[in-house]
Amino acid sequence: MIDLKAKPFNLNESQIRWVEDTYNSLTEDEKIGQLFINLTLKRDKETLSKLVSEYHIGGVRWQGGTLEEVYEQNRFLQENSKVPLLIAANTEAGGNGAVSEGTMVASGAACGASTTEETVRDMAKVGAVEAKAIGCNWVFAPVCDVVSNWRNTIVNTRAFGDDPELVANRSVAYMEENMKRGVACAAKHFPGDGSEERDQHLVMGCNDLSVEEWDKSFGYVYKTLIDAGLPSIMVGHIAQRAYSKKLCPGMKDSDIKPATLSPELLQDLLRKKLGFNGLIVTDATHMAGLTAAAPRKDYIPGVIAAGCDMILFFNDPAEDIQYVKNGFEEGIISEDRLNDAVYRILGMKAMLNLNEYKFPSKEGLDIVGCSEHHALASKAADESITLVKDTQGLLPINPKEKKNLTLFFLESAPVSLTDGADKAKAWLIKELEDAGFNVNAPKDIYEYEMEQPSPINRFKVMVHQNREKFKAETDIVLLVINMKGYAQENNVRVKYDASHSVQIPWYAGEVPTVAVSLNYTNHLIDVPMMKTFVNAYSDTQEYLHALVDKLTGKSEFKGRANELVWCGRWDTRL
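Residues numbered from 1 in each chain as written. Predicted model: local features only at pLDDT ≥ 70, side-chain atom pairs only at ≥ 80, totals over all residues. Heavy atoms only, no water.

1. Some words on the pattern of salt bridges
Side-chain pairing between opposite charges can occur once the charged atoms of the two side chains come close. Applying the stated criterion to the full structure yields 40 salt bridges. With a closest N to O distance of 2.7 Å, K245 and D253 form a salt bridge. Between K425 and E447 there is a salt bridge whose closest N-O contact spans 2.8 Å. Linking K425 in helix α16 (residues 423-434) with E447 in helix α17 (residues 445-451), this pair joins segments that are 22 residues apart in sequence. Note on accessibility: K425 and E447 belong to one class, buried. If you follow the salt bridges from partner to partner, you end up with E117, R121, E176, E177, K180 and R181 in one network. (Salt bridge = Lys/Arg side-chain N within 4 Å of Asp/Glu carboxyl O. Helix = DSSP H or I, 4+ residues; strand = E, 2+ residues; numbered from the N terminus. Buried < 20%, exposed > 50% of the residue type's maximum accessible area, 1.4 Å probe, protein only.)

2. Topic: the sheet that holds strand β15 (residues 513-517)
An order of β11-β16-β15-β14-β12-β13 is seen for the 6 strands of this open sheet, with the pairing classed as mixed. Of all strands in the sheet, those bounded by a partner on one side alone are β11 (386-390) and β13 (438-440). On average, each strand axis in the sheet is inclined to that of its neighbour by 20°, with strand direction left out of account. Relative to β15, strand β14 (residues 476-482) is paired through 5 bridges, and the arrangement is parallel. Each residue of the ladder has a partner; that of L478, found in β15, is V514. (Pairing = 2+ DSSP bridges. Axes fitted to C-alpha atoms, helices over the stretch in contact; angles between N-to-C directions.)

3. A closer look at the packing of helix α6 (residues 118-133) against helix α7 (residues 164-180)
Pairs of packed helices are described in terms of their axes, by the angle between the two and the distance that separates them. Contact geometry of α6 with α7 gives a least axis separation of 8 Å together with a crossing angle of 35°. Crossing angle aside, the handedness with which α6 passes α7 is right-handed. Between α6 and α7, the contacting residues are V120, R121, M123, A124, K125 and A128 on the first element and R170, A173, Y174, E176, E177, N178 and K180 on the second. For the contact of α6 with α7, the residue count by class is 6 nonpolar, 1 polar and 6 charged. (Left-handed = near helix turned anticlockwise from the far one by under 90°. Contact = heavy atoms within 4.5 Å. Nonpolar A, V, L, I, M, F, W, Y, C, P; charged D, E, K, R; others polar.)

4. Quick word on the pairing of β15
A regular strand places its side chains on the two faces of the sheet in alternate fashion. Most of β15 is tucked away: 5 of the 5 residues are buried. Residues of β15 alternate between two faces, with T513, A515 and S517 on one and V514 and V516 on the opposite face, all of them buried. Here β15 runs beside strand β16 (residues 532-535); their pairing, made up of 3 bridges, is parallel. Opposite S517, over in β16, you have N535 as the bridge partner.

Dropping the structure here:
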């Protein structure tokens, strides 16, 4: 049996007694239900009641919903559950990871670029406070991955960077701010993303570092967090071939599984070598990185048997629960393994004092998205925005001298044309105009299609101006890249709105041009001809305002870039 008096639980006698009493009161069905975290999409009372009364879930996370809807959903679930629930949020960048009205303060990349630790602490504090206001007690963060492959866009903006020491320091700071506010962290994605370019949503991830390389990077980060009292770890559907083969001599490549199904990585590496005594949760179980490894009837009980304590998200609740029951009855999951998992779940709930928990008052929702938190977002933007290069010596730009600005704004294709154009474009135009520029912002094909769908629209975005007329009417070009992607492609590159689009940088050789990324930090691979390049990390109003201030010299660039921005090429540095 696990030691609940030891780190990270550090329970006292009263808390341990609650764990024991609660455990002894649970039926087998209730114990199995505790293993599951539900992704709640429906909010009707019948659905919510069934989750806690029939499926006996141990935790919950939700998708979408207004501030009040999420609050009421969480309140209902917590107040009607026999055993207090772990209620989780993805506060990787601030309170916006808890609810849409929350405050985005700084991405992991922005925190890594900032030279002050205050940025990550402010981000963590805002995330914890806003998440707690809607009843959360657990966050799936920090993202403590070490990015060594510049092609990786899965954690490019979410991780703190490429330096293990910086990643460890920022991760501990994030955890400390959450722990101060009674929020538990689940660091992710063990055994580590960022060393390859593929997305575990789409394929099994492969961390192909050698044992020695892993120990110096991910091993160092996780050991630092564990020693600092990390309560839980989210395991990715990521293989670590070198360690699996070291721990299981003679293992064939065909036998290598993602960490979620690898007892050698969970029990031998994470528990024994790194000394982790806390709770282990899987990443989402609908990801292809796991689904490709085995049929669901096998991998749902398999992750518990391998050493995970909680399963992230049902597919079909009754079916998934039956899969675990079958695994238990067939001996795939031993009684000791099931008991161990349930004890750790209850141990973390006791650590958070959920046995004495009272759901927060609705009046506390005023803290979500408050002016004080947006002021911290402005501060983070000022500290993090990074001038990667300005080899042409163009900055700062004086709007009185270079007044006529043409803005080419590159956005990802919208999921639906009914979503409307990227809001950041309109916000940026206003910031530029307020700064004194005359802004010409050509429409992209998506904007034309929103006005009137037509095959002719692709030709509209191919029309080039007379070069001399363009030069006479344009003092400066601003190319802004706001590409986004998630669980749809393995990496995200610059993509223009149509073939032969006028967006393609023909203008870089005609007039002074500045390129800015509002998201990924590796876009120089696709626009190496840009002599002035800025990583701005976010498309929120705070970051756009700070960006224009820095471009015009009202504020200095304070952020720092790491070597990954050069994408391993000489021409990106020119």
